[in-house]
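# Observations on chain architecture
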Amino acid sequence: MLQVKYILENKEHVIEGLRKRNLDAKTLVQQIIDLDIERRSSIAKVEELRAEGNKMSKAIGSLFKEGKIEEANTAKVKVQETKTEQKNLEEGLSEIEEKFQNLLYHIPNVPHTTVPAGSSENDNEEVFKEGSIPNLHEGAKPHWEIVKEKDIVDFETGVKITGSGFPVYKGKGARLQRALINFFLDEADKAGYAEVIPPLLINEASGIGTGQLPDKEGQMYHVTGDDLYLIPTAEVPVTNIYRDVILNEEELPKKNCGYTPCFRREAGSYGKDVRGLNRLHQFDKVEIVQVVHPNESYNVLNDMVEHVKELVRKLKLPFRILRLCGGDLGLTSALTFDFEVYSTAQQRWLEVSSVSNFETYQSNRLKLRFRKGQEKPQLAHTLNGSALALPRIMAALIENNQNENGDIIIPEVLQKYTGFDTI
RNA sequence: GGUGAAAUGACAGAGUGGCCGAAUGUACCAGUCUUGAAAACUGGCGUAGGGAGACCUACCGGGGGUUCGAAUCCCUCUUUCACCGCCA
């Protein structure tokens, strides 16, 4: 969430920035500013009354002590009036605060200066491209056919057990999945990310902290019995490690990685987009997360992009990097780079990673701060990125690496993890 | 799941209705002393909101209540510890 002070001091800049999201925030920003003025004056009034009440109460205390019961009782009656007035004002204030908070929750992050304006994914800007698209033999198949023939991913059985979008990985398919996880985790470890295994269920406060709540609850599976949510990404539990934390400046940057299954309801999706491994309700992902000094966050964003680049390179997959346009940018992000690998048999790009800088948008909600020496704590910047999401990597690997015999060639870097070189 | 105890500042730990934003100790920062360090002594040392400011307000696990007044009393939730039951 944006800092109120920031909105007040940079009103035009905020409105201009949000225009790139295809959002006319003029009214929203004005509402926030107006409400803030109302809020402040209301706070001033309430606190004035409170101070008065406190004073009177203290006086009553000393009156009792001095044995002036009569006077004390008279004073009591008088205070009661103040208290009633105070209560009314307080109710008004909490209404204002609630409205105010609600507006703040809904105003998105201001896009970075380099973010192009745009309304949809068509306006994303390709900033990097690497790798050659293989010439597949006649009769090359999409991955969903291959995995069925090889019996390494079983969608039907998943449907029986749970429903669509919950595949069962079998045999070498399961092994390949595990190999990818271990490969990604080892690479993250080498890059200095400390591994964590976080909870897969999160509470409401965590969802608010990273920006999934209050708005996107429809995208998460909600365990109503305990009011918990299945994580849509490891970003949520891993970043929330630092909720309500004040770090020392020297502790920055904090680098964590974690493998988790991710759960997404993705209501309303259909068609070729959801075919095979393209879009699932449950999938595996290795996530990298950093908490950094504000001066460093854009350098760190580049580092993270380089890290992901290296992963895709090592898997020898053709890929491109997109700078997301305002319209495609997530609520919480200031700048996001998406990675897409080319899936040759489907002849389309598949998103496999999203690397973002949230600046203080999350840390403001998380109350994640750092302190320099004896100075006042200030908000840190948070970043995260997928490194990487597994199913589409698997889809691309299977499709791009199929040979004329119908075998799948395992990339060299993975062979020590899989223990086999073909499927 | 049951029963009982507990939750106070970075940590330890007092405080059971007003003088408590909170004793004391440790840690930390600054100063005095010292060639330097240690010790000793002196001072400082939470977060947030409001105000131009002297200041004011809120916070003693969360929420609600009683009261003129709550860290302190009541209700409720959460968490921790102990014992019992169940269990990978």
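These numbers come from a predicted model, not from an experiment.

### What to know about the domain arrangement of chain A
- Looking at the assigned domains, one finds that chain A contains domain 1 (4-106) and domain 2 (121-418).
- Centre-to-centre separation of domain 1 and domain 2, based on C-alpha positions: 43 Å.
- Across the boundary between the two partners, domain 1 contributes five residues, which contact 11 residues of domain 2.
- A buried area of about 660 Å², summed over both sides, lies between domain 1 and domain 2, and 45% of it is on carbon and sulfur atoms.
- Considering only the side of domain 1, the residues that lose the most area to domain 2 are Arg21, Tyr105 and His106, jointly responsible for 86% of the buried surface there.
- The interface formed by domain 1 and domain 2 contains zero salt bridges.
- Along the contact surface separating domain 1 from domain 2 lie four residue pairs in polar contact (both at pLDDT 80 or more).

### Description of the layout of surface pockets
- Taken as a whole, the largest pocket encloses approximately 1,600 Å³ of empty space.
- When contributions to the lining of the largest pocket are tallied by element, the ones reaching two or more residues are strand 10 (282-292), strand 11 (319-323), strand 12 (335-343), strand 13 (348-359), strand 16 (381-389) and helix 12 (390-400).
- Broken down by element, the residue count for the lining of the largest pocket peaks at nine residues, all from strand 13.
- Considered class by class, the residues forming the lining of the largest pocket number 16 nonpolar, 17 polar and 16 charged.
- By volume, the second largest pocket is sized at about 490 Å³.
- As for the second largest pocket, its lining consists of 17 residues, of which Gln3, Asn364, Lys367, Arg369 and Leu379 are closest to the centre.
- Among the elements that take part in the lining of the second largest pocket, helix 4 (residues 69-106) stands out by supplying four residues, more than any other.
- Of the residues assigned to the lining of the second largest pocket, the class counts are nine nonpolar, three polar and five charged.
- Each of domain 1 (4-106) and domain 2 (121-418) accounts for three or more of the residues forming the lining of the second largest pocket.

### Some words on the sheet that holds strand 15 (residues 378-379)
- An order of 8-14-15 is seen for the three strands of this open sheet, with the pairing classed as mixed. Two strands close off the open sheet at either side, each with one partner strand: strand 8 (246-248) and strand 15.

### Some points on unusual backbone geometry
- Cis geometry marks the peptide bond from Leu213 to Pro214; its omega dihedral reads 5°.
- Considering the arrangement of structural elements, one finds Pro214 in the loop between helix 8 (204-210) and strand 6 (222-223).

### A few points about the pattern of salt bridges
- The full count for this structure, using the stated rule, is 20 salt bridges.
- In this structure, the salt-bridge partner of Lys148 is Glu156, at a minimum N-O distance of 3.6 Å.
- For Lys148, a relative accessible area of 58% gives the class exposed.
- Judged by its relative accessible area of 49%, Glu156 falls in the partly exposed class.
- Taken together, the salt bridges that share partners define one network made up of Asp36, Arg39, Arg40 and Glu97.

### Here's the deal with the protein's contact with RNA strand B
- In the region of RNA strand B, 20 residues are neighbours, and Glu47, Ser57, Val79, Arg369 and Arg371 sit closest.
- Of everything in RNA strand B that lies within 4 Å of the protein, sugar and phosphate atoms constitute 64%.
- In the model, a phosphate oxygen of RNA strand B is placed 3.4 Å from a nitrogen or oxygen of the Asn54 side chain.
- The contact in question runs from a base nitrogen of RNA strand B to an N or O atom on the backbone of Ser57, over 2.7 Å.
- Mapped onto the surface near RNA strand B, the elements with two or more residues apiece are helix 3 (26-65), helix 4 and strand 14 (369-371).
- Considering each element in turn, the surface near RNA strand B owes the most residues, 12 residues, to helix 3.
- Looking at the surface near RNA strand B residue by residue, the classes come out as six nonpolar, four polar and 10 charged.

### Let's talk about helix 5 (residues 143-150)
- Taken together, the buried positions of helix 5 are His143, Trp144, Ile146 and Val147. One side of helix 5 carries all its buried residues, which in axial view fall inside an arc of 160°. Seen from the buried face of helix 5, the exposed residues on the opposite side, beyond 90 degrees, are Lys148 and Glu149.
- Against the buried residues of helix 5 lie strand 2 (153-154), helix 6 (155-161) and helix 12.
- Remark: Asp151 follows helix 5 within two positions and exhibits a positive phi of approximately 55°.

Thresholds, definitions, all that
- Residues numbered from 1 in each chain as written.
- Chains lettered and ligands numbered in written order.
- Predicted model: local features only at pLDDT ≥ 70, side-chain atom pairs only at ≥ 80, totals over all residues.
- Heavy atoms only, no water.
- Domains from an automatic or database assignment.
- Contact = heavy atoms within 4.5 Å.
- Buried area = accessible area lost by both parts, 1.4 Å probe.
- Salt bridge = Lys/Arg side-chain N within 4 Å of Asp/Glu carboxyl O.
- Polar contact = N/O pair within 3.5 Å; in protein donor to acceptor, adjacent residues only side chain to side chain.
- 1 Å grid on protein atoms, 1.4 Å probe; cavity = no way out; pocket = protein on both sides within 12 Å on 5 of 7 lines; lining within 4 Å.
- Points joined across faces, edges and corners; volume = space filled by probe spheres on them.
- Helix = DSSP H or I, 4+ residues; strand = E, 2+ residues; numbered from the N terminus.
- Nonpolar A, V, L, I, M, F, W, Y, C, P; charged D, E, K, R; others polar.
- Pairing = 2+ DSSP bridges.
- Buried < 20%, exposed > 50% of the residue type's maximum accessible area, 1.4 Å probe, protein only.
- Near = heavy atom within 4 Å.
- Arc of directions from axis to C-beta.

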